[in-house]
Amino acid sequence: MITRPSTSRILEDVVDEIMRDIMPSITDPAQQIRLHMLTIVLNNCANASEREISVMREEIPVYLSFASDVAAATGDADVATAAEAAQMGESLVLSDVIADYQRASRAFSTAMDLVMDTVNRDFINRGEDILRTRMANERAILSGVSAVGRSAS
Amino acid sequence: MDAEKLQAFLNSVEPDCGATVLSTAPVPGGYSRDTVMAEVQWADGSTEKLVLRGDPPVESSVFRSDRAAEWAILQAVKDLPDFLIPTPRYFDATGEYMGCKCIISEAIDSTSMQKFLDSGPDLDKAREDFVAIMASAHNTPLDSIDAAIERPSDWRAHLDDVIANYERMLECIGEDDPILRYTLKKIRMNIPPEVPLALVHGDLQPGNFLLSEGTDPYIIDWEFARIGDPRLDIGYYLQIPMPPHLYHPDPEAFLASYRALTGLTEEQINPAIAKYFLLLGTSHLMLDILQGTEDVTAGQHRGVMGTFLMTAYAHFHKLYLDYSLELPYTAEATR
């Protein structure tokens, strides 16, 4: 398999080509904005291609551990079932990792719902820290700071 | 929405006015509707600029709103004494002529308040002006608005319907977003005090206020307008990223002015409740964004917005988590 350049580097180079050689030749402001939007999407894809599998594989055990601990502490059968149904597989194929991540996320949310309903402060604090970490990882990939154009309408 | 189509439309709706379409040019920048500026010459030799506002093709758009509902709102508010809107002139309700449902309004020789803010004005004064325009919409007596505009049965039913946008989001993406689930739970734990229902704009921001010499400001882009909780507009404005912001430097001053003009109490609107309403005031947009991402996931093309709005998804996601983390676990949490 060819590894040099990496997928992220290829996408960055495509963005570079668009910005240096294609964008200056476009005179229609609407098309300039569209192209600028697309380069942001490509930059996000470059970020994601570098990290998204490893980020999800790091987060999955954290979600499952939280759900298992909540199930053990509360004896709640729904949380236990959700945690047991969400074990991480060995496949590193992206679609498989996404499926694992979604199941783990559901297990986490089932546990979090329970500790919020019962105002279990220790678990709430731990769960909120997990959410903060999830957000930090998401932001690292999708910066979410660009606002090209004028408004929602 | 080109010159030829507009010409055919005007020939049909104004057969005796001798309209000649001199030019049309797209106006870039809007995220949801296609906008075109047209210049028309009438039989008496006078010329006029018109703004055409139409729906982009479904397969290349993300945000959904109903042009007929927007036209009904425009008709309901066009003659109100409290604020100005560009006169809505024509509506191609079926898209027979314009190729899409299209609202045609007068063009106002103006600058947007956002551009004015970019010029470095006194921001304290600008904040007061912004609040006054916002309050002018919210103070509109509901009995002065055409009865055809839908009214919620009561405040709580309306709020529950807005909160249900989160359920719709979760259903859309398969229930597996812990941040949205957490946010929804915190929203339900912190139901705010009731306020009178009012005319809500739905996209109230300086970019949608037009300043024109010698007249009061105009409010444009009514596509998300409805009768509802006016605090939705305040919450919505909190997330507008374009600087300079008129709320964040001094929330207390902003809200004190708003309370003075609307009569709401500090219990009804304060900085914490304003943040709460960011969670609700943006939920209609987030729902459309998530539907767009799901369509892309399913292999459909939704235009550049379908993928670009992942950045808005991340932007709202962070705001939702940050603001809902601040909400307390109230006694209602256990009910």
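See above for the structure.
To start, this report covers the structure provided alongside it. Please read these numbers as outputs of a predicted model, since none were measured by experiment.

How each quantity is defined
Residue numbers restart at each chain and count upward from 1, following the sequence in its written direction. Chain letters start at A and ligand numbers start at 1, both assigned in the order the entries are written. Note on the predicted model: pLDDT of at least 70 is required for a residue's local features to be given, and 80 or more for side-chain atom pairs to be given and counted; whole-chain, interface and lining totals, by contrast, use all residues. Heavy atoms from the whole structure form the basis of all side-chain values; hydrogens and water molecules are not counted. Pairs were defined over the aromatic rings of Phe, Tyr and Trp, the Trp ring being its six-membered one, requiring ring centres within 6.5 Å. Orientation was assigned from the angle between planes: stacked under 30 degrees, edge-to-face over 60, tilted for the rest. Secondary structure follows DSSP: runs of H or I at least 4 residues long count as helices, runs of E at least 2 residues long count as strands, and numbering of each begins at the N terminus. Exposed residues in this analysis have more than 50% of their type's maximum accessible area, buried residues have under 20%, and partly exposed residues fall in between, with area computed by a 1.4 Å probe over protein chains only. The criterion for a charge sitting over a ring is simple: Lys NZ or Arg CZ within 6 Å of the ring centre, and within 35 degrees of the ring normal. Interaxial angle, 0 to 180 degrees, is taken between N-to-C directions of lines fitted to C-alpha atoms, where a helix line uses only the stretch in contact. When describing relative orientation, an angle under 35 degrees is termed roughly parallel and one over 145 degrees roughly antiparallel, while 65 to 115 degrees is termed roughly perpendicular and anything else oblique. By definition, residues are in contact when any of their heavy atoms lie within 4.5 Å. As a working rule, the residues Ala, Val, Leu, Ile, Met, Phe, Trp, Tyr, Cys and Pro are called nonpolar, Asp, Glu, Lys and Arg charged, and the rest polar, with Gly in that last group. The length a helix should cover is 1.5 Å for every residue beyond the first. Within this analysis, the arc is defined by the directions that extend from the helix axis to the C-beta atoms.

**Digging into the packing of aromatic side chains**
What describes a pair of aromatic rings is the distance from one ring centre to the other and the angle between the planes of the rings.
1) Next: By the definition in use, this model includes 16 aromatic pairs over all chains.
2) Next: Ring plane angle 40° and centroid distance 5.3 Å describe the contact between Tyr 63 of chain A and Phe 108 of chain A, whose orientation is recorded as tilted. Note that Tyr 63 of chain A is positioned in helix H2 (residues 29–74) and Phe 108 of chain A in helix H4 (residues 94–117), a separation of 45 residues in sequence.
3) Next: Given a relative accessible area of 1%, Phe 108 of chain A falls into the buried group.
4) Next: Judged by centre distance (5.5 Å) and plane angle (75°), the ring pair of Tyr 276 of chain B and Phe 277 of chain B falls under edge-to-face.
5) Next: A relative accessible area of 3% places Tyr 276 of chain B in the buried class.
6) Next: What links up through ring pairs into an aromatic cluster is the set Tyr 63, Phe 66, Tyr 101, Phe 108 and Phe 123 of chain A.
7) Next: Lys 275 of chain B extends its terminal NZ or CZ atom over the ring of Tyr 323 of chain B, reaching a point 5.1 Å from the ring centre.

**Considerations on the packing of helix H5 (residues 155–173) of chain B against helix H9 (residues 271–281) of chain B**
Between two packed helices, both the angle of their axes relative to each other and the distance between the axes serve to describe the pair.
Residues and elements named next belong to chain B.
1) Next: Packing of H5 against H9 leaves a shortest axis separation of 9 Å and a crossing angle of 65°. When the interaxial angle is binned, H5 and H9 end up roughly perpendicular. Where H5 approaches H9, its residues Leu 159, Val 162, Ile 163 and Tyr 166 are matched on the opposing element by Tyr 276, Phe 277, Leu 279 and Leu 280.
2) Next: Among the residues making up the contact of H5 with H9, the classes are represented as eight nonpolar, no polar and no charged.

**Considerations on the environment of Ile 33 of chain A**
Residue and element names in this part refer to chain A.
1) Next: Considering the arrangement of structural elements, one finds Ile 33 in helix H2.
2) Next: The class for Ile 33 is partly exposed, based on a relative accessible area of 22%.
3) Next: With ten residues separating them in the primary sequence, Ile 33 and Met 23 have C-alpha atoms 9.7 Å apart.

**Examining helix H5 (residues 121–141) of chain A**
1) Next: With 21 residues, H5 of chain A extends 31 Å between its outermost C-alpha atoms, agreeing within 8% with the 30 Å of an ideal straight helix rising 1.5 Å per residue.
2) Next: Where H5 of chain A is concerned, the buried positions are Phe 123, Ile 124, Gly 127, Glu 128, Ile 130, Leu 131, Arg 134, Met 135, Glu 138 and Ile 141 of chain A. Seen from one end, H5 of chain A has its buried residues packed into an arc of 160°, which puts them on one side.
3) Next: On its buried face, H5 of chain A sits against H2 and H4 of chain A together with helix H6 (178–189) and helix H12 (310–326) of chain B.

Structural measurements only, silent on function.
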